[in-house]
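Letter by letter, the chains look like this.
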Amino acid sequence: MNSIFGKLFGASSSLSMQDIYDLVHRDGAVLLDVRTADEYRKGKVHNSINIPIDELAERTSELPKDRPIIVYCASGGRSSMAHRLLKEKGFEKVHNAKVWEEVSAALDRRK
């Protein structure tokens with residue numbers, strides 16, 4: 001998924017597949033999908049939490065501040081907004097993985 005198109009248009013993840021895997025399995029990271037509920041129902045990462053970007057500001061209390069959070073969406077735009085919002089709300093361990101399929105692939109590759 002780290003195609004030239006993705007790199008040119010910001011769709012590729014700034015985290016490596018290994019980084020994502022380690023954050024989840026070693027550090028207990030929370031997987032936060034900020035797509036709409038309809039998008040989430042059509043495809044999701046196992047053990048992820050769905051809080052649509054439009055609801056995130058009001059629902060940050062549902063997220064732990066003591067664990068890393070990996071945030072992502074469909075293309076990276078909403079996850080960038082979510083990353084910024086969470087940082088402003090005092091979440092220090094926030095990582096923008098951008099595209100949900102890349103997160104899924106990173107976690108599936110080690111099964």
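- The name that an unreviewed UniProt entry assigns to the protein is Rhodanese-related sulfurtransferase, with the source organism given as Porphyromonas cangingivalis.

## What to know about the pairing of strand S1 (residues 30–33)
And step 1. Of the two faces of S1, both are covered, the one formed by Val30 and Leu32 as well as the one formed by Leu31 and Asp33.
And step 2. Across four bridges, the pairing between S1 and strand S3 (residues 69–73) is parallel. Of the residues in S3, the one forming a bridge with aspartate 33 is tyrosine 72.
And step 3. Sheet topology places S1 next to strand S2 (residues 49–50); two bridges connect them, and they run parallel. Across the sheet, leucine 32 pairs through a bridge with isoleucine 49, a residue of S2.

## Focus on the environment of lysine 65
And step 1. Mapped onto the secondary structure, lysine 65 falls in the loop between helix H4 (53–59) and S3.
And step 2. Distance from lysine 65 to valine 94, taken between C-alpha atoms, is 9.3 Å for residues 29 residues apart in sequence.
And step 3. In contact with lysine 65, not counting residues within four places along its chain, are Lys89, Gly90 and Phe91.

## As for the pairing of strand S4 (residues 94–99)
And step 1. Of all six residues in S4, five are buried, a share of seventy percent or more.
And step 2. Taken together, S3, helix H5 (residues 77–88) and S4 constitute a β-α-β crossover, and its handedness is right-handed.

## Observations regarding the sheet that holds S1
And step 1. Read across the open sheet, the four strands follow the order S2-S1-S3-S4; overall the sheet is parallel. Either end of the sheet is taken by a strand with one partner, and the two such strands are S2 and S4.
And step 2. Of the pairings in the sheet, the one linking S3 to S4 comprises five bridges and is parallel in character. Counterpart to valine 71 in the pairing with S4 is asparagine 96.
And step 3. Helix H6 (residues 100–108) rests against S1, S3 and S4 of the sheet, and its axis sits at about 105° to S4.

## Here's the deal with the packing of aromatic side chains
And step 1. For the coordinates displayed, the defined rule picks out zero aromatic pairs.
And step 2. Just above the ring of phenylalanine 91 sits the side chain of lysine 65; from NZ or CZ to the centre is 5.1 Å.

## A few points about the side chain of arginine 35
And step 1. With respect to the helices and strands, arginine 35 occurs in the loop between S1 and helix H3 (37–42).
And step 2. There is a polar contact of 2.7 Å between the side chain of arginine 35 and the side chain of aspartate 33.
And step 3. Sequence-distant contacts of arginine 35, that is, excluding residues within four places in its chain, are made with Tyr40, Gly43, Lys44, Asn50, Pro52, Cys73, Ala74, Arg78 and Trp100.

## With respect to the confidence of the model for the protein
Residues shown with low pLDDT carry predicted positions that ought not to be read at fine detail.
And step 1. Scored by pLDDT, the protein has a mean of 88; 86% of the residues are at 70 or more.
And step 2. Contacts from residues 1–13, a stretch scored under 50 in pLDDT, to residues over four places away or in other chains number 21 contacts.

Rules used throughout
- Residues numbered from 1 in each chain as written.
- Predicted model: local features only at pLDDT ≥ 70, side-chain atom pairs only at ≥ 80, totals over all residues.
- Heavy atoms only, no water.
- Buried < 20%, exposed > 50% of the residue type's maximum accessible area, 1.4 Å probe, protein only.
- Helix = DSSP H or I, 4+ residues; strand = E, 2+ residues; numbered from the N terminus.
- Pairing = 2+ DSSP bridges.
- Contact = heavy atoms within 4.5 Å.
- Right-handed = clockwise from strand over helix to strand, strands pointing away.
- Axes fitted to C-alpha atoms, helices over the stretch in contact; angles between N-to-C directions.
- Phe/Tyr/Trp six-rings, centres within 6.5 Å; stacked < 30°, edge-to-face > 60°.
- Lys NZ or Arg CZ within 6 Å of the ring centre and 35° of its normal.
- Polar contact = N/O pair within 3.5 Å; in protein donor to acceptor, adjacent residues only side chain to side chain.
- pLDDT = per-residue confidence, 0-100.

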